[in-house]
Structure formats: C-alpha cells, structure tokens
Amino acid sequence: MCLVFPHRRRICGLATGIKRLRIGRKLWRSSYVDLFSALSLISMVTALYVLNLTLALIIVNKEVPTSRGMLYPTESETREVRSLDGIWNFVRSDQNNPTQGIRDGWFNADLSKSRPTIPMPVPASYNDITTEQSLRDHVGTVWYDRKFFVPRSWSQNQRVWLRFGSVHYEAFVWINGQSAVKHEMGHLPFETEVTHILNYGAENRITVMCDNALIQTTVPQGKISEVANDGGVTIIQSYTFDFFNYAGIHRSVHLYTTPKTFIEDVEISTNLADDNSVGYVDYVISINGSAANEADNAIYAKLQLYNREGVQVANATSDAKLSGRLKVEQAKPWWPYLMHPEPGYMYELEIKLHAANAELLDVYRLSIGLRTLSWTNATFTINGKPVYFRGFGRHEDSDIRGKGLDNALMARDFNLIQWIGANAYRTSHYPYSEESMQFADKHGIMIIDECPSVDTENFNQALLSKHKSSLEQLIHRDRNHPSVVMWSIANEPRTSQTNADTYFQFVANFTRSLDRTRPVTAAIAVPHADDKAGRYLDIISFNRYNAWYSNTGRLDMVTQRVIDEAIAWNQKYDKPIIMSEYGADTLEGLHLQPAFVWSEEFQTEIFARHFKAFDALRRKKWFIGEFVWNFADFKTGQSYTRVGGNKKGVFTRARQPKAAAHLLRRRYFALARELDQCSMPEDLFTYIADVGASVKHDATDL
C-alpha cells in the first residue's frame, strides 16, 4: 500500500502489515499478542499519517535560487547572435515509458537513429502541428534535435551561450551528447554557457527533451492519473485551469557570444522631478569574467543615453561598483497609450565596459523609459497622474502554432489593442514573450505581469518554493520594462483554504523584496468574505461572471451585484479595486433577439450592464480599472461546456471583431476622451442621418 499526501511524500511498504489487519477468521484466531501487534500497527499508520499531514500544513519561508544574466540577446560591436529557429527533428516518447530516451541515450546520436522522426517547427507548440490525436493529447516527454555549424572565429577570445526563450514545462538539453542545462518552469527564459562543449568550424548537434507533465508541486498545478480505456490503461493529465496545456519549444532559441569579461546584467530604475521635466536613471551593472575577478583591475563603464532621434541627452562614467545615475534634462516621460500625444517614449541606453587601460571589453544596448509609479489605498498614478485601467485579460494562443511565438500575430494583436482604445492588459496566466514586452514598451501599453500560478491550491512547502522561483525569474526578466506597472502573483488561487493566509503572506512579501517600485496584486475569485490573501496585496483584483456562471442569462442581475461586490472588497481591505475579469462566451455569427446566452447580442448587453456599474464605481475614486475576459477566443481542454474552446473573446481566434468589440471601442475611447482629453478616431461612429443640430451624430459633437 502507498499513502500519498498533499506534499507528495509517500509512506510505502506497509502492505504486509495491512494484510494482517484484515477482518477474517485467521486474524480472529490469532493470539492476543498478534491482536495487540495489529492494533499497534494501526496506531503507527495513523500517527504517520497525522505527522505527514501536519508537516504538509507547516510552511516555512525558505530562500530560492536567484537568476543571473539573461539579458535579451542583441548584437553589438562585441557580440554576435545566431538564431536556431527553424525546422527541428521530433520524436514523441511512449506515454507509458517517458524515460526510455534517457536510459537508452537518445541524446548521444541523431534522434533518427533511435526512432523515426518528423519535422517540427521551432518556435511552436507541437500539439496542433500534425493530424494525430495522440500527439495533441500527449502526456509526458518529447524529443527535439537539429544540427548547426559554429564558425571557427567564435573560438577566439570569447564565450558562447545557448539561450531558450521558453520551453514548456520542463527542459533537458544536451550539446554533442553532453548535458548542457536543465530548467523547470514554462514561459520563462533560461541559458547556459556552452563554450567548452562546442565544435568550432564543425558541425554540432543540440538535443532537447521536453516534459509537459503537471503535478501538485508544479507551477501551474495539475494531476496525472491512470484510467482504463478500450486498449487497457492510458495516462490522463488533468488540470483545473481553463486553457489548453500547450507544450514544446515555445520561443526562440539563440546562440550568442560575449567577450571573456562581459556585461552580465543591468538593473534600471527611473524617476522624474520638476513637473516631469527632469529624469533620472539609476543603474547597477553586473559583470562576469576573468578580469572581473582580479582585484587590481579597475573596470568601469561609460554610459550614453540617446533619444528617439539618436541625439545624446545624457552621459556618465560609473563608479568602481559599476553603479551610478544619469540626469536627463528636458525629459520625455513614458506615458500610456492615449494619456499623451507621444505614448511609449523610449530612450536607448548604451553601456560600454572598459578595462583600466581604457580597453573596450563589451558593449550592450537596451531600451528604457522614464516614468514613476505611486499608489495609495485609493489611487494609482503614473508620472503623478491618476490612471484608470481599461483593457483585457489575454492568452498567448493561436491556431496551429498554439503558444508559439509569432511576430505577425503579435503585431496584429497590438494593432487591435490600439484600435479598440485599451491602455493595458494582464499577462493571464503566465509570463508572455520578451518580444511582446518590448512591443508594449514601444506602444505605451501598461502590463499587469502575472506569474504562472493559476488555480493554486493544496498549499505546501515544495509548491511555495517553485511559486517564489517563478516570480523571481519573472521579475529578474521584466524589471527594466516601463510597461510593467504591477506584479500579479496568482490567478484565482483558492484563498479560502487552510494555509492560504501564511502562503500568500510569504509570496507577496517575497515579491516586494525583489521590487518595491511596483504594487502587488492577484486576481481573486473566491467571495470577499472567505478570502485570506487580500490583506497582503497592494491592489485588489477580482474576477466575477455575473449572468454567466452565476444567474445565467439574467441581465437584470449584473449591475448592482458588481457595485456591491466591489464596495465589499474595498470595505474589507481599504485598497484600490480592479475588476480583472468579466464576460460571456459568444459564438461568432449567432444572433438572437431578444438577447440570449451565447449570442453576440448577449455579449453586448452584458458588457453594457457592467459599464453602468463601472461608471457608478468610478465616482468613488478607489475603483481604478476594468478588464474584459477575453481579448480573443482561445483553445481549452475538451469539455461539453466549451465549443471548440473558450469563446469569451471580443475578437475571434482569427483576430476579427465580434459585435461587442465595437461597443467596447466606443467605451474605451469615451473614457480616454473624458479622463485624458485624447482625440477621437474618425471612424468611431458610422454616419446614420442628419436629423438636426440638437442630435449628436459624429465624434466632434461629443
């Protein structure tokens, strides 16, 4: 027998003792000594169970490993970058034998020598590339490999690094048969130095094993079970979150070079003064390499800041600790979209690392924005101006490629975000690509940056460590992006459960220890009276689906319920409130009058009832934002409640607008006009008729 506890420790090997406890003739004929032994065994098993349950309930705030490096790979005078994106070879492991490739050493030679391979694009999810159901629903490991050349010149006085933008969920990587790196956590980058295991001026092979299995101590959580089917037994992956568990090499793979001594990391923080006319850039530079370890080698950095036109606006030479400050006169702050005529203003920071003899060691450039954030128990401001968030929850999801990086799709999405007048979105429910964060910076779109913790439950020590690690990796990656204005530490966690209080106290405080310049939130779905986590947050976000999951179809049960719940959250915690999810599934092209669930009319009506509530709440000042669920339709696991996926998008999965998108566009631009005095798009209203000067009939009349 094997007893499995929430923290996955197991007490096994009790089968023999348990058999002695069977209530049968042989046991009752035993001596009193045997009976006493059996009762003692019961006590022992009970005690062990209680002990393990108690241990599961005790959560200790332990340290987690810290990230190093991970700067986005860019070329410079001292660096080269090569993409390994393209068509790789692919093998699916047997579901009942996921570790066979490790035991048989598939990484020691071409995968094709172990199994027949198929072509697989990288980056992309592998699930929807073929027509095979077995691959779409596969649980366990898959393998990739490809060959590549490294030029001879890379062997001379430099170092070579291998970097993955994301592999979901766990990755094991070999170069030429040698183990290179292992990483657990989807949606986040990882890298390793491969200088000494490459063949220069020759062919190399990279092999990747990817495991998509989710259990109770992964982030996000899931469960694996064996279920009988027509052929015997199959492995089933289950999870409570409502999006498809796409897997594979989701983002770009790069080889890049650095000098022997190089800029490993840069941390930026900004501030504004004198009515935003003067900007300050505080920087801390970390370096790596042999010269960095020599005490008598005085390394310093020269920094130059350039505006959009390429004109230098500030410069500085660092101190011996490679830190300092740049002062920018006549600064141009980073503003959100529609809050300023020049939203998303970015500067380029050039960093040149020098040795004591003025020798140039390394050059790295990154884009930065000048802005300040502040918040109280009733407001959120950027550059001293109150912000009202209007936007979406989203997903990285599209047909065929799943969660794979797609630059064309990303550009289309940002065009739609601007078309509809949104100024923000939440990276529900995991970190989005670095490329999308750069896009948000340049377009002035504010980001609530969310870690992969979704539907978190069964709080335990192992889960806490991985949850904190996911946040550490996320904040390390995204801390320099001006678009990131808030950290979300979870989506719909079960915050009424035992241990939720202690667990989220640790998670929230850990997040603040990494970055105190941004507020901490979480999207909470439990009733306000049952929640135990909100006290540790800076801003309360709540998800609720009135007239959909509760009181389905009752449009007369929306407005007042939204108002009452928002007020209740504010009264309980005295903090700013955001409604982070609301909406209704809508089948494109389904029209029913009067409005009926699943129709485009119903989605439009349910939005309008929420808008009325939001306008009432905006007058209370502490209500600071509204986020529709969802930006676009997306794929989910198979369910009789999902017709081809979740259909709550205002855009279809092909990124075409439903009727509600036009209503939402008029609202978002009306809010921008009222709050930020922006101009209205000429095509916002369609001409109908000229019925007199007293009737408002185009944008100029508003």
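Rules used throughout
Sequence positions are assigned chain by chain, starting from 1 and proceeding in written order. Only residues with pLDDT of at least 70 are given local features in this predicted model, and only at 80 or more are side-chain atom pairs given and counted; all residues enter the totals for whole chains, interfaces and linings. Side-chain measures were taken over the full set of non-hydrogen atoms in the model, leaving aside hydrogen atoms and water. Ring pairs shown here join Phe, Tyr and Trp side chains whose ring centres sit within 6.5 Å, with only the six-membered ring taken for Trp; geometry is labelled stacked below 30 degrees between planes, edge-to-face above 60, and tilted in between. Only DSSP runs of H or I covering at least 4 residues are called helices, and only runs of E covering at least 2 are called strands; the numbering of each starts at the N terminus. The classification of residues rests on relative accessible area computed with a 1.4 Å probe and restricted to protein chains. Under 20% of the type maximum is buried, over 50% is exposed, and intermediate values are partly exposed. Put simply, a charge is over a ring when the Lys NZ or the Arg CZ is close to the ring centre, within 6 Å, and near the line of the ring normal, within 35 degrees. Under the convention used throughout, the expected extent of a helix is 1.5 Å for every residue step, that is, one less than its residue count. Two residues form a contact once any of their heavy atoms are found within 4.5 Å. Should a side-chain nitrogen of Lys or Arg be within 4 Å of a carboxyl oxygen of Asp or Glu, the pair is scored as a salt bridge. Here, a strand pair is defined by DSSP locating no fewer than two bridges between the strands. Handedness of a crossover: with both strands directed away from the viewer, a clockwise path from the first strand across the helix to the second marks it as right-handed. Geometry is summarised by axes, namely lines fitted to C-alpha atoms with helices restricted to the contacting stretch, and by angles between N-to-C directions that run from 0 to 180 degrees. By definition, any crossing whose near helix is turned counterclockwise from its far helix by less than a right angle is left-handed, and any crossing with a clockwise turn is right-handed. Residue type decides the class: Asp, Glu, Lys and Arg count as charged, Ala, Val, Leu, Ile, Met, Phe, Trp, Tyr, Cys and Pro as nonpolar, and the leftover types, Gly among them, as polar. Pairing of N or O atoms within 3.5 Å defines a polar contact, subject to two protein rules: one partner must be a possible hydrogen donor and the other a possible acceptor, and residues neighboring in sequence count only if both atoms are side-chain atoms. When describing relative orientation, an angle under 35 degrees is termed roughly parallel and one over 145 degrees roughly antiparallel, while 65 to 115 degrees is termed roughly perpendicular and anything else oblique. Confidence of the predictor in every single residue is expressed as pLDDT, which spans 0 to 100.

(A) Looking closely at the packing of aromatic side chains. Here the structure, examined in full by the defined rule, presents 37 aromatic pairs. A centroid spacing of 6.2 Å and a plane angle of 55 degrees characterise the contact between F607 and F611, whose relative ring orientation is tilted. Of this pair, F607 and F611 both sit in helix α11 (residues 600–618), four residues apart, which is roughly one turn of the helix. The class of F607 is buried, set by a relative accessible area of 0%. Grouped by ring-pair contacts, the aromatic residues Y239, F241, F243, F414, Y425, Y430, Y432 and F439 constitute a single cluster. The ring of F244 is capped by K635, whose NZ or CZ atom sits 4.7 Å from the centre of that ring. Taking the ring centre of Y545 as reference, the NZ or CZ of K648 above it sits at 5.4 Å.

(B) Examining helix α10 (residues 559–573) more closely. Under the 1.5 Å per step criterion, the end-to-end length of α10 is 22 Å for 15 residues, consistent within 8% with the ideal 21 Å. Listing the buried residues of α10 in full gives T559, V562, I563, E565, A566, A568, W569, N570 and Y573. Those residues of α10 that are buried lie in contact with β31 (520–524), β32 (540–543), β33 (577–581), α11 and β34 (623–629). A positive phi of about 55 degrees marks D574, the residue just after α10.

(C) Quick look at the pattern of salt bridges. Going through the model one piece at a time under the given rule, you end up with 49 salt bridges. A salt bridge links E77 to R365; the shortest N-O distance between them is 2.8 Å. A residue pair is termed long-range when its members are at least 10 positions apart, and E77 in the loop between α3 (32–57) and β3 (81–83) and R365 in strand β23 (residues 360–368) qualify at 288 residues. The network of salt bridges with common partners includes D615, R618, E626, R667 and E674.

(D) Layout of the pairing of strand β27 (residues 389–393). With respect to burial, β27 is a largely interior element, five of its five residues being buried. Pairing of β27 with strand β28 (residues 424–426), which is carried by three bridges, proceeds in the parallel orientation. By the bridge assignment for β28, G391 is matched with A424. After leaving β27, the chain enters helix α6 (residues 407–420) and then returns to the sheet as β28, a path that is right-handed.

(E) Quick look at the packing of α10 against α11. In contact at an axis separation of 8 Å, α10 and α11 are set at 40 degrees when each is read in the N-to-C sense. Crossing hand, α10 versus α11: right-handed. Contact residues: T559, V562, I563, A566 and I567 in α10; R609, H610, K612, A613, F614, A616 and L617 in α11. Its residues assigned to classes, the contact of α10 with α11 shows eight nonpolar, two polar and two charged.

(F) Just the environment of T511, in detail. Along the chain, the position of T511 falls in helix α9 (residues 500–514). By relative accessible area, which is 0% here, T511 ends up buried. Separated by 36 residues in the primary sequence, T511 and I475 place their C-alpha atoms 8.3 Å from one another. Residues within four places of T511 in sequence aside, it is in contact with L471, I475, W487, I489 and V520.

(G) Fine view of the sheet that holds strand β12 (residues 202–211). Taken in spatial order, the six strands of this open sheet run β5-β4-β6-β12-β9-β10, and their pairing is antiparallel. Where the open sheet ends on each side, the last strands, each with one partner, are β5 (118–122) and β10 (178–184). Averaged over all neighbouring strand pairs, the angle between strand axes comes to 30 degrees, with direction disregarded. Relative to β12, strand β6 (residues 141–150) is paired through 10 bridges, and the arrangement is antiparallel. For V150, the partnering residue across the bridge sits in β12 and is A202.

(H) Region of the structure containing the environment of N204. Summarising the element assignment, N204 is placed in strand β12. Using a relative accessible area of 2% as the deciding quantity, one classes N204 as buried. The spacing of N204 and N176 is 28 residues in sequence and 6.1 Å in space, taken between C-alpha atoms. With residues near it in sequence (within four places) discarded, N204 still touches R146, K147, F148, V150, N176, I197, L198 and N199. Here the side chain of N204 touches N176 through a polar contact of 2.9 Å, side chain to side chain. In terms of polar contacts, N204 uses its side chain to reach the backbone amide nitrogen of N199, at 2.6 Å.

(I) Layout of the packing of helix α8 (residues 461–478) against α9. Where α8 meets α9, the closest approach of the two axes is 10 Å, and the angle between their N-to-C directions is 25 degrees. Compared by their axis directions, α8 and α9 come out roughly parallel. Relative to α9, the crossing made by α8 is right-handed. Side by side, α8 and α9 meet where L463, L464, H467, K468, L471, E472 and I475 of the first sit next to Y503, F504, F506, V507, F510, T511 and L514 of the second. For the contact of α8 with α9, a count of residues per class yields 10 nonpolar, two polar and two charged.

(J) Seen up close, the confidence of the model for the protein. Residues with a pLDDT of 70 or more make up 89% of the protein, whose mean pLDDT is 91. Within the model, pLDDT remains below 50 along residues 1–36, and this stretch shows 42 contacts once partners closer than five positions in the same chain are excluded. Scored below 50 in pLDDT, residues 48–55 shows eight contacts in the model against residues more than four places distant or in partner chains.

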